[in-house]
Amino acid sequence: MTFTLLGFLPAIAPLLILIAFLLNDRYPGERAIESVRRFFHRLSVSSPTPVEREAAIAGPRPVRGGRLIAFSLAGRGPPFPA
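Read on for a plain summary of the structure. (Residues numbered from 1 in each chain as written. Predicted model: local features only at pLDDT ≥ 70, side-chain atom pairs only at ≥ 80, totals over all residues. Heavy atoms only, no water.)

1. Here we look at the packing of aromatic side chains
Worth spelling out the cut-off: Pairing of aromatic rings covers Phe, Tyr and Trp, the last through its six-membered ring, and needs centres within 6.5 Å; plane angles under 30 degrees mean stacked, over 60 mean edge-to-face, and all others mean tilted. Burial status follows relative accessibility: with a 1.4 Å probe on protein chains alone, a residue under 20% of its type maximum counts as buried, one over 50% as exposed, and anything between as partly exposed.
In this structure the tally under the stated criterion is one aromatic pair. Between Phe39 and Phe40, the aromatic rings sit 5.5 Å apart at their centres with planes inclined by 65°, giving edge-to-face as the arrangement. On the basis of relative accessibility, which here comes to 43%, the residue Phe39 falls in the partly exposed class.

Given below as structure tokens:
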């Protein structure tokens, strides 16, 4: 074996190991990815803050300003051609 081939084999070994895992339907890191996904899901689904609770109790806020114009225009179709 030449020197370049001996240097190439250690470099390609991780790829060969990964291919062997995938061919055997084993997915390395699958459990770690799932635990990280669950962790971030728990962080994103938090209990509502007191301000959010008050807003939910008070009901929807009245539409004002630019939103009022946007809501009124959103319900109308284009003008009828004369």
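2. Section: the pattern of salt bridges
Rule in force here: What counts as a salt bridge is simple: a side-chain nitrogen of Lys or Arg found within 4 Å of a carboxyl oxygen of Asp or Glu. The helix and strand labels rest on DSSP assignments: H or I over at least four residues marks a helix, E over at least two residues marks a strand, and numbering proceeds from the N terminus.
For the coordinates displayed, the defined rule picks out two salt bridges. Notably, a salt bridge pairs Arg37 with Glu34, separated by 2.7 Å at the nearest N-O pair. With Arg37 and Glu34 both in helix α2 (residues 30-44) and three residues apart, this pair spans about one turn of that helix. Linking Arg38 and Glu34 is a salt bridge whose minimum nitrogen-to-oxygen distance equals 3.7 Å. Here Glu34 and Arg38 lie together in helix α2, a separation of four residues that amounts to about one turn. For Arg38, a relative accessible area of 41% corresponds to the partly exposed category. When salt bridges that share partners are traced, they join Glu34, Arg37 and Arg38 into one network.

3. Considerations on unusual backbone geometry
A positive phi angle, close to 55°, is found at Asp25, a residue other than glycine. One can find Asp25 in the loop between α1 (3-23) and α2. Residue Asp25 is classed as exposed on the basis of its relative accessible area of 57%.

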